[in-house]
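So the chains spell out like this:
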Amino acid sequence: MASRARSHAENVPGSFFVDDTCIDCDTCRQVAPLVFADAGDHSYVRVQPGSHDQERAALRAVLCCPTNSIGTDDRARTREVVGDFPLPIDGDVSYCGFNAESSFGGNSYFVRRADGNWLIDAPRWMPALAERFERMGGIAAIFLTHRDDVADAARYAERFSATCVIHRADATAMPSATRILAGEELQTLAPGVVAVPTPGHTAGHCALLVDDTWLFTGDHLWWSRDQRRLSASRSVCWFSWDEQIRSMERLLDLRFSWVLPGHGERAHLDQQRMHEEVAELIARMRE
Ligand code: SF4
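In this text, all values refer to a predicted model and were calculated from it rather than measured experimentally. (Residues numbered from 1 in each chain as written. Predicted model: local features only at pLDDT ≥ 70, side-chain atom pairs only at ≥ 80, totals over all residues. Heavy atoms only, no water.)

## Description of the overall build of the protein chain
- A count of helical and extended segments in the protein chain gives six helices and 19 strands.
- Radius of gyration (C-alpha) of the protein chain: 19 Å, near the 19 Å computed for a compact globule of 287 residues.
- If you line up the protein chain on its principal axes, its C-alpha atoms span 55 × 45 × 35 Å.
- Out of the 287 residues in the protein chain, the part that is buried amounts to 56%.
- Sequence-distant contacts in the protein chain: of pairs separated by 6 or more residues, those separated by 24 or more amount to 56%.
- In the structure as shown, the protein chain presents an accessible area of about 12200 Å², 47% of it carried by carbon and sulfur atoms. (Helix = DSSP H or I, 4+ residues; strand = E, 2+ residues; numbered from the N terminus. Rg over C-alpha atoms; globule rule 2.2 N^0.38 Å. Buried < 20%, exposed > 50% of the residue type's maximum accessible area, 1.4 Å probe, protein only. Contact = heavy atoms within 4.5 Å. Areas by Shrake-Rupley, 256 points an atom, 1.4 Å probe, with all protein chains shown as cover.)

Structure, rendered in structure tokens:
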């Protein structure tokens, strides 16, 4: 539970605050960007919610924070927004919320499909969220982009008897995985659902392409809020930067208009612009 006594000095006075347990995962700044801002190595409340929508977004951020670092005078009101998750993004794609500290606050996503729903990476275990998934048709398969963002995937897999997919090179992070990918070829996992091996951040990192539209990118690729362009970072590349550049080049052969990352901002551009953005990023990565 966040402590007002340990509240950061930058918070503006009012109900919401961030304390010094914040791990700077960026989640609150994505969920409620008008309320939370970046102080360099932690978040703070730059403005107290001034409307119903802003307050609702701030309450959602309280639930999404992986470290319980956001406090509010009336935490019981978070019950009002539990049912908002998974939060719709586009089409049948939703953001799960309830980010897990074990995945450093990584985002996870839920995709409704006629032939079985997909969870991409996993949130922390939350019975109310599992009930929502149940009402939406359950989870047929869980796709883990890489070893860092597994969170409570095993509990969701067990709850829904879901297939759990991960690449062999990262599979030690998910011993109960039931489908192990190998190699660097694209693999169709279901109609319209394609695994795209993208080694670099980790040896077994993979992206997931759905319907040539939504690319779930884990920690391979994200949108930079400050630079207003696609980004990848050598500072968080644990395996091989040269491999990550080669993996990025592979994306030039794909069509997609959304980038949905584990960390960082989502991006939605038309396919041609997205292709150009990826090409420009590759040129920067090679420098
Ligand atoms: S969601 Fe929580 S841990 Fe993440 S940046 Fe915000 S306050 Fe910090």
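There is more to say, and it comes next.
## Structural notes on the domain arrangement of the protein chain
- In terms of domain boundaries, the protein chain breaks down into domain 1 (4-82) and domain 2 (85-286).
- Put simply, the middle of domain 1 and the middle of domain 2, counted by C-alpha atoms, are 26 Å apart.
- In this complex, domain 1 contributes 16 residues to the contact, which on the side of domain 2 involves 17 residues.
- With both chains or domains summed, domain 1 and domain 2 bury close to 1300 Å², and 53% of this area falls on carbon and sulfur atoms.
- Broken down residue by residue, the surface that domain 1 buries against domain 2 is led by Gln30, Cys64 and Val82, which jointly contribute 35%.
- Linking domain 1 with domain 2 are one salt bridge.
- In this structure, aspartate 26 and arginine 225 form a salt bridge, with 2.9 Å as the shortest nitrogen-oxygen distance. (Domains from an automatic or database assignment. Buried area = accessible area lost by both parts, 1.4 Å probe. Salt bridge = Lys/Arg side-chain N within 4 Å of Asp/Glu carboxyl O.)

## Brief notes about the sheet that holds strand β5 (residues 87-90)
- The strand order across the open sheet formed by seven strands is β5-β6-β7-β8-β9-β10-β11, and the pairing between neighbours is mixed. For this open sheet the edge positions go to β5 and β11 (179-181), each flanked by a neighbour on one side alone. Between one strand axis and the next, the sheet turns through 25 degrees on average, direction left out of account.
- Here three bridges tie strand β7 (residues 109-111) to strand β8 (residues 118-120), and the two strands are oriented antiparallel to one another. Counted as the bridge partner of tyrosine 109 is isoleucine 120 from β8. (Pairing = 2+ DSSP bridges. Axes fitted to C-alpha atoms, helices over the stretch in contact; angles between N-to-C directions.)

## A word on helix α4 (residues 153-160)
- Those residues of α4 that fall on the buried side of the exposure criterion are Ala153, Tyr156, Ala157 and Phe160. In a view along the axis of α4, the buried residues occupy a sector of 100 degrees, so they form one face of it.
- Its buried side turned inward, α4 meets β8, α3 (127-135) and β9 (141-143).
- With its phi angle positive at about 50 degrees, serine 161 sits one or two positions after the end of α4. (Arc of directions from axis to C-beta.)

## What about the packing of α3 against α4?
- Close contact between α3 and α4 brings their axes to 12 Å; oriented N to C, the two are set at 45 degrees. Considering their axes alone, α3 and α4 lie oblique with respect to each other. In this structure, α3 crosses over α4, and the sense of that crossing is right-handed. Contacts from Leu129, Ala130, Phe133 and Glu134 of α3 reach α4 at Tyr156, Arg159 and Phe160.
- The residue inventory of the contact of α3 with α4, partitioned by class, reads five nonpolar, no polar and two charged. (Parallel < 35°, antiparallel > 145°, perpendicular 65-115°, else oblique. Left-handed = near helix turned anticlockwise from the far one by under 90°. Nonpolar A, V, L, I, M, F, W, Y, C, P; charged D, E, K, R; others polar.)

## Re the packing of aromatic side chains
- Counting across every chain of the model gives six aromatic pairs.
- Judged by centre distance (6.0 Å) and plane angle (65 degrees), the ring pair of phenylalanine 133 and tyrosine 156 falls under edge-to-face. Taken together, the residues span a long stretch of sequence, with phenylalanine 133 in helix α3 and tyrosine 156 in helix α4 at a distance of 23 residues. Summarising the burial analysis for this pair, phenylalanine 133 and tyrosine 156 share the class buried.
- Put simply, the rings of Phe110, Trp125, Phe133 and Tyr156 pair up and form one aromatic cluster.
- Seen from the ring of phenylalanine 160, arginine 159 lies directly overhead, with NZ or CZ sitting 4.6 Å from the centre.
- Its end group placed over the ring of tyrosine 95, arginine 266 keeps NZ or CZ at 5.8 Å from the ring centre. (Phe/Tyr/Trp six-rings, centres within 6.5 Å; stacked < 30°, edge-to-face > 60°. Lys NZ or Arg CZ within 6 Å of the ring centre and 35° of its normal.)

## Description of α3
- Those residues of α3 that fall on the buried side of the exposure criterion are Leu129, Ala130 and Phe133. Angular distribution of buried residues about the axis of α3 spans 100 degrees; they occupy a single face of the element.
- In this fold, the buried residues of α3 make contact with β7, β8 and α4.
- Note on α3: the residue one or two positions beyond its end, glycine 137, has a positive phi of about 110 degrees.

## Points about the nonpolar core
- Residues Phe36, Ile70, Phe133, Ile139, Ile142 and Tyr156 are the most contacted members of the largest nonpolar core, which totals 47 residues.
- Among the secondary structure elements, those contributing two or more residues to this core are α1 (27-31), α2 (52-64), α3, α4 and β10 (163-167).
- The greatest single-element share of this core, amounting to seven residues, is contributed by α2.
- Excluding residues that lie within four positions of it along the chain, phenylalanine 36 makes contacts with Val18, Cys28, Arg29, Tyr44, Val45, Arg46, Ala58, Ala61 and Ile70.
- Counting residues in each nonpolar core, the second largest holds 23 residues, with Trp223, Ala232, Met274 and Leu281 among its members. (Core = buried A, V, L, I, M, F, W, Y, C linked by side-chain atoms within 4.5 Å.)

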